[in-house]
Amino acid sequence: MRLKFSSLTGFIAATALALVGITAKADQLDDIKKKGEIVFGVLGTDEPNSFVDPKTRGFIGYEIDIATAVAKKLGVKPVFKQLAVAARIPELQQGHVDVLAASLTHNKEREAQIDFGLTHFVTGSKVLVKKSSGIQNVADLAGKKVLTVKGGTQEPNLLRAVPTAEVVTFENTQQAFQALQQGKGIAYVNDESSLYNDVAKLGAKGGDYLILPQNLNVEPLALGIRKGETALKKAIDDTLRSLEASGDAEKLYEKWWGAQSKLKFAKRTFRFESDKVDG
């Protein structure tokens, strides 16, 4: 059956309007500006990236400061929603949060699910053991019970290095670290930064623990963004580049990670400049 020219024209026009509507709906940045707030999914348990201030009960930390800078750049209010590690990407994909600022490792596998902002921190997974365990290197974990958090990159990283390790996962890092202290496993795997922070919290008892020297992998951390939201990603990346250019990126690192911080990490060796990762 042939359509008359007028009908065909009307069909094309209606289709074009529908596509415009879809495009408009898909522009998350416009939606954020209209509602006047941007919702960040955060862990809230991973000091110093995001954790609860014992005085104000609000969220503070390195990634909280970065997220706040993004919100300021957009002219909207930052809102923080606490998430479990395993729930981060599903919560983003389902639209329950706008952006992830949740100690999220950027890797090739996750690029199939979400997009990422510029790398804003680089760390690595390491292993924490009690000195009395006799464990001296990662290979010693073969056949042993090792603890970590559910839904992170730590478990696959460990199993690549030690395929016979018996991995036990917990909902959050606090539970996993507590389980190590209680002797429920021989070792605990997490980001190096988190391990140093956990040991520091133990005070004098921290001397009973050892962080094994081997890195299981390199972990570039970045903000997570829903696939295809190019305008929002550009706004985030522009904010990060501005922080780098102004020197504020260095100040944030020194505040939360540097020589005057609780963790006293070495000098920063990365910049807010790339969203590319290896493997």
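Below is a short write-up of the structure. (Residues numbered from 1 in each chain as written. Predicted model: local features only at pLDDT ≥ 70, side-chain atom pairs only at ≥ 80, totals over all residues. Heavy atoms only, no water.)

What about unusual backbone geometry?
So, point 1. Here the bond from glutamate 47 into proline 48 is cis, since omega is 5°, no more than 30 degrees from zero.
So, point 2. Mapped onto the elements, proline 48 comes out in the loop between strand 2 (45-46) and strand 3 (50-52).
So, point 3. Phi at serine 103 is positive, roughly 50°, even though this residue is not glycine.
So, point 4. Tracing the sequence through the fold places serine 103 in the loop between strand 6 (99-100) and helix 5 (108-111).
So, point 5. With a phi close to 55°, lysine 264 is a non-glycine residue in the positive phi region.
So, point 6. For lysine 264, the position within the fold is in the segment after helix 10 (248-256).
So, point 7. Here lysine 264 falls in the exposed class, since its relative accessible area comes to 55%. (Helix = DSSP H or I, 4+ residues; strand = E, 2+ residues; numbered from the N terminus. Buried < 20%, exposed > 50% of the residue type's maximum accessible area, 1.4 Å probe, protein only.)

A word on the side chain of asparagine 217
So, point 1. Tracing the backbone through its elements, the reader meets asparagine 217 in the loop between strand 13 (209-211) and strand 14 (219-221).
So, point 2. Only 2.4 Å separates the side chain of asparagine 217 from the side chain of glutamate 219, close enough to count as a polar contact.
So, point 3. Apart from the residues lying within four places of it in its own chain, the contact partners of asparagine 217 are Thr123, Gly124, Ser125 and Asn157. (Polar contact = N/O pair within 3.5 Å; in protein donor to acceptor, adjacent residues only side chain to side chain. Contact = heavy atoms within 4.5 Å.)

A few points about the environment of serine 133
So, point 1. Secondary-structure assignment places serine 133 in the loop between strand 9 (125-130) and strand 10 (145-149).
So, point 2. Each C-alpha atom, one on serine 133 and one on leucine 202, is 18 Å from the other, the two residues being 69 residues apart in sequence.
So, point 3. For serine 133, the side chain forms a polar contact with the main-chain nitrogen of isoleucine 135, separated by 3.2 Å.

Structural notes on the environment of valine 129
So, point 1. With respect to the secondary-structure elements, valine 129 resides in strand 9.
So, point 2. With a relative accessible area of 0%, valine 129 lands in the buried category.
So, point 3. In sequence terms valine 129 and alanine 112 are 17 residues apart; their C-alpha atoms lie 34 Å from each other.
So, point 4. Setting aside its immediate chain neighbours within four residues, valine 129 contacts Ile135, Ile186, Ala187, Asp208, Tyr209, Leu210 and Leu212.

Notes on the packing of aromatic side chains
So, point 1. Here the structure, examined in full by the defined rule, presents 12 aromatic pairs.
So, point 2. Each ring, one from phenylalanine 51 and one from tryptophan 256, has its centre 5.9 Å from the other, and the planes form 85°; the classification is edge-to-face. Of the two residues, phenylalanine 51 sits in strand 3 while tryptophan 256 sits in helix 10, which places them 205 residues apart along the sequence.
So, point 3. When its relative accessible area of 14% is taken as the criterion, tryptophan 256 is described as buried.
So, point 4. An aromatic cluster is defined as three or more aromatic residues linked by ring pairs; in this entry it consists of Tyr62, Phe121, Tyr196, Tyr253, Trp257, Phe265 and Phe270.
So, point 5. The lysine or arginine in question, arginine 268, covers the ring of phenylalanine 270, its NZ or CZ lying 5.6 Å from the ring centre.
So, point 6. Over the aromatic face of phenylalanine 272 sits the side chain of arginine 268, whose NZ or CZ is 5.7 Å from the ring centroid. (Phe/Tyr/Trp six-rings, centres within 6.5 Å; stacked < 30°, edge-to-face > 60°. Lys NZ or Arg CZ within 6 Å of the ring centre and 35° of its normal.)

Looking at the sheet that holds strand 6
So, point 1. With mixed pairing, 5 strands are arranged side by side in an open sheet as 5-1-6-15-7. The open sheet terminates on both sides in strands that have one partner only, identified here as strand 5 (77-82) and strand 7 (115-116).
So, point 2. As judged from the 2 bridges shared by strand 1 (residues 37-42) and strand 6, these two strands associate in the parallel manner. The partner of glycine 41 across the bridge, within strand 6, is leucine 100.
So, point 3. Packed on one face of the sheet, helix 3 (residues 62-74) meets strand 1 and strand 5 and runs near 145° to strand 5. (Pairing = 2+ DSSP bridges. Axes fitted to C-alpha atoms, helices over the stretch in contact; angles between N-to-C directions.)

Looking at the nonpolar core
Generally speaking, a soluble globular protein has its nonpolar side chains buried in company with each other.
So, point 1. Core analysis: the largest hydrophobic core is formed by 35 residues, its most contacted members being Ile38, Tyr62, Leu74 and Leu232.
So, point 2. Going through the elements one at a time, helix 2 (28-35), strand 1, helix 3, helix 9 (230-246) and helix 10 are the ones with two or more residues in this core.
So, point 3. Looking at which element gives the most residues to this core, the answer is helix 3, with 7 residues.
So, point 4. Membership of the second largest hydrophobic core comes to 14 residues, among which are Val127, Val138, Val146 and Val189. (Core = buried A, V, L, I, M, F, W, Y, C linked by side-chain atoms within 4.5 Å.)

What about the pattern of salt bridges?
So, point 1. Considering all chains together, one arrives at 19 salt bridges under this definition.
So, point 2. The shortest N-O distance in the salt bridge between aspartate 98 and lysine 35 comes to 3.0 Å. With aspartate 98 in the loop between helix 4 (88-93) and strand 6 and lysine 35 in helix 2, the pair connects residues that are 63 residues apart, well separated along the chain. (Salt bridge = Lys/Arg side-chain N within 4 Å of Asp/Glu carboxyl O.)

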